[in-house]
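Residue strings, one per chain:
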Amino acid sequence: MLTGECDELRIVYSGKCSAAENMAFDEAILDYVVEEEPEAAVGWLRLYGWEKPTVSFGRFQRPKREVDLEKARELGMDLVKRPTGGKALVHDDEVTYCVILPAKSPLAKCSIAESHRRLADGLARALKSFGLDVSVGKPESSGKRGATVPCFAEHLAESVLIDNKKVAGSAQFRRKGGVLQHGSILRSLDYKLHEELFGRAAKGFARKAVGLKALLPKAPSVEELSCAVAEGMAAVVSAGNKRIIDNVPAWILDRTRRLCAEKYSRLDWSARREEGQ
């Protein structure tokens, strides 16, 4: 393989699923890659949405310390803990992606920081296709790293920015050499909702994050944005070689159901307990 490349990127368009189903599906694909196809030089990209507005939490976060859980439930929102790290994130009008890379991928052999940056280049390619002036990097510090702030209030080296505002963010998890990276590309952003959920931690949030609808006269549809992300990621991961998967292997679907029932339907699962810490 050439540096950074898999032989192929398999694309799964899932539509909208529940919060628990989304997280279970992503982890199930990672399990399939590292357990069933450990010798395959094949990456996966899943693109999806959410059945209803959701707050997701990083794998090591304690949800009650991050947001007003009572307010979230009062608003009818889903709550879920991700397999990836990072901070709490509100999912609504966006395209969410999950890229899974095998241990054989050169990107899986990079440092987490370098693989983050390389995959952010794929997102930047997607957004540039709509005529946007995109940068990847950290123009300024949020001043609150490590504190309870929304994910999109924190600008990091792998953040995808437009006009110094974060429009796409990502978080990563690795198991048995395989890589699972989550990310969200915002179409719009409800600043008032963030203030209700995060309180003072969301102060100044409008200066740090933005959705595409505020940047373009006509924002791309979910379908258009999803296709652009698939093209951008394939360019980075597999030299443009990609294939849409209409029939997901039964192994993955069975594992998804199991993880959904046993793990992601509960907000109290502990990454520390899972990893024997």
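Predicted model only: the values in this text are computed from it and were never measured. Each residue is numbered by its place in its chain's sequence as written, counting from 1. The model is predicted, so local features are restricted to residues of pLDDT at least 70 and side-chain atom pairs to those at 80 or more, both for listing and for counting; the totals for chains, interfaces and linings are taken over all residues. Where side-chain values are given, they derive from all heavy atoms of the structure, hydrogens and water being excluded.

## Some thoughts on the packing of aromatic side chains
Here's step 1: Planes of paired rings set the category: under 30 degrees apart is stacked, over 60 is edge-to-face and the rest tilted, where pairs are Phe, Tyr or Trp rings (Trp by its six-membered ring) whose centres lie within 6.5 Å. On inspection of all chains with the given rule, the structure shows five aromatic pairs.
Here's step 2: When the ring of Y32 is compared with that of W44, the centres are 6.0 Å apart and the planes differ by 85°; the resulting orientation is edge-to-face. You can see Y32 sitting in helix α1 (residues 19-36) and its partner W44 sitting in strand β2 (residues 42-50), a full twelve residues away along the chain.
Here's step 3: With relative accessibility at 13%, the residue Y32 sits in the buried group.
Here's step 4: Pairwise contacts between aromatic rings join Y32, W44 and W251 into one cluster.
Here's step 5: Just above the ring of W269 sits the side chain of K81; from NZ or CZ to the centre is 5.5 Å.
Here's step 6: A ring is scored as having a charge over it whenever the NZ atom of a lysine or the CZ atom of an arginine sits within 6 Å of its centre and within 35 degrees of its normal. The ring of W269 carries the charged tip of K263 above its face, separated from the ring centre by 4.2 Å. Runs of H or I in DSSP of at least four residues are treated as helices and runs of E of at least two as strands, each being numbered from the N terminus. Each residue's exposure class comes from its accessible area (1.4 Å probe, protein chains only) as a fraction of the maximum for that residue type: buried when under 20%, exposed when over 50%, partly exposed otherwise.

## A look at the confidence of the model for the protein
Here's step 1: pLDDT: the predictor's confidence for each residue, scored from 0 to 100. On average, the protein scores 89 in pLDDT, and the residues at 70 or more come to 88%.
Here's step 2: Confidence over residues 140-146 falls short of pLDDT 50; this stretch has 14 contacts with residues more than four positions distant or in other chains. By the convention used here, residues are in contact when the closest approach between their heavy atoms is within 4.5 Å.

## Focus on unusual backbone geometry
Here's step 1: Even without being glycine, N164 reaches a positive phi, approximately 60°.
Here's step 2: Mapping N164 onto the fold places it in the loop between β8 (160-162) and β9 (165-175).

## Notes on the pairing of strand β3 (residues 54-57)
Here's step 1: Neither face of β3 is left uncovered, since the one carrying T54 and S56 and the one carrying V55 and F57 both have all their residues buried.
Here's step 2: Where β3 and strand β4 (residues 78-81) come together, four bridges link them in parallel fashion. Across the sheet, the residue bridging to T54 is D78, located in β4.
Here's step 3: Summarising the sheet, β3 and strand β5 (residues 89-91) pair through three bridges and their orientation is antiparallel. Within β5, the residue paired with T54 across the bridge is H91. In short, DSSP must find at least two bridges between two strands for them to pair.

## Focus on the layout of surface pockets
Here's step 1: The method works on a 1 Å grid over the protein atoms by themselves. A cavity is a set of points holding a 1.4 Å probe that cannot get out, a pocket is an open set with protein on both sides within 12 Å along at least five of seven lines, and residues with an atom within 4 Å of a point line them. Grid points are joined across faces, edges and corners, and a volume is the space filled by probe spheres set on the points. Quantified by volume, the second largest pocket comes out at close to 280 Å³.
Here's step 2: Contributions of two or more residues to the lining of the second largest pocket are made by β1 (8-17), β2, β6 (94-101) and α7 (222-237).

## Considering the pairing of β1
Here's step 1: The pairing of β1 with β2 spans nine bridges and is parallel. Across the sheet, V12 pairs through a bridge with R46, a residue of β2.
Here's step 2: Each parallel crossover has a hand, and for β1 linked through α1 to β2 it is right-handed. Viewed with both strands pointing away, a crossover whose connecting path from the first strand over the helix to the second turns clockwise is right-handed.

## As for the sheet that holds β6
Here's step 1: Taken in spatial order, the eight strands of this open sheet run β7-β8-β9-β10-β6-β2-β1-β11, and their pairing is mixed. Only two strands of the sheet have a single neighbouring strand rather than two, namely β7 (135-136) and β11 (242-244).
Here's step 2: Here β1 runs beside β11; their pairing, made up of three bridges, is parallel. Note on β11: the bridge partner recorded for R10 is R243.
Here's step 3: Contacting β1, β2, β6, β10 (178-186) and β11, α7 runs over the sheet at an angle of about 155° to β1. Interaxial angle, 0 to 180 degrees, is taken between N-to-C directions of lines fitted to C-alpha atoms, where a helix line uses only the stretch in contact.

## A word on the pattern of salt bridges
Here's step 1: Take a side-chain nitrogen of Lys or Arg and a carboxyl oxygen of Asp or Glu: if they are within 4 Å of each other, that pair is a salt bridge. All told, the structure shown has 23 salt bridges when counted by the stated rule.
Here's step 2: Residues E27 and K263 are paired through a salt bridge, measuring 2.9 Å at the closest nitrogen-oxygen approach. Of this pair, E27 sits in helix α1 while K263 sits in helix α8 (residues 250-264); the two residues are 236 residues apart in sequence, bridging distant segments of the chain.
Here's step 3: On the basis of relative accessibility, which here comes to 3%, the residue E27 falls in the buried class.
Here's step 4: Among the ionic pairs, R255 bridges to E35, the shortest N-O distance being 3.4 Å. Of this pair, R255 sits in helix α8 while E35 sits in helix α1; the two residues are 220 residues apart in sequence, bridging distant segments of the chain.
Here's step 5: Classification of R255 by relative accessible area gives buried; the value is 14%.
Here's step 6: Among the residues examined, E35 registers a relative accessible area of 34% and is labelled partly exposed.

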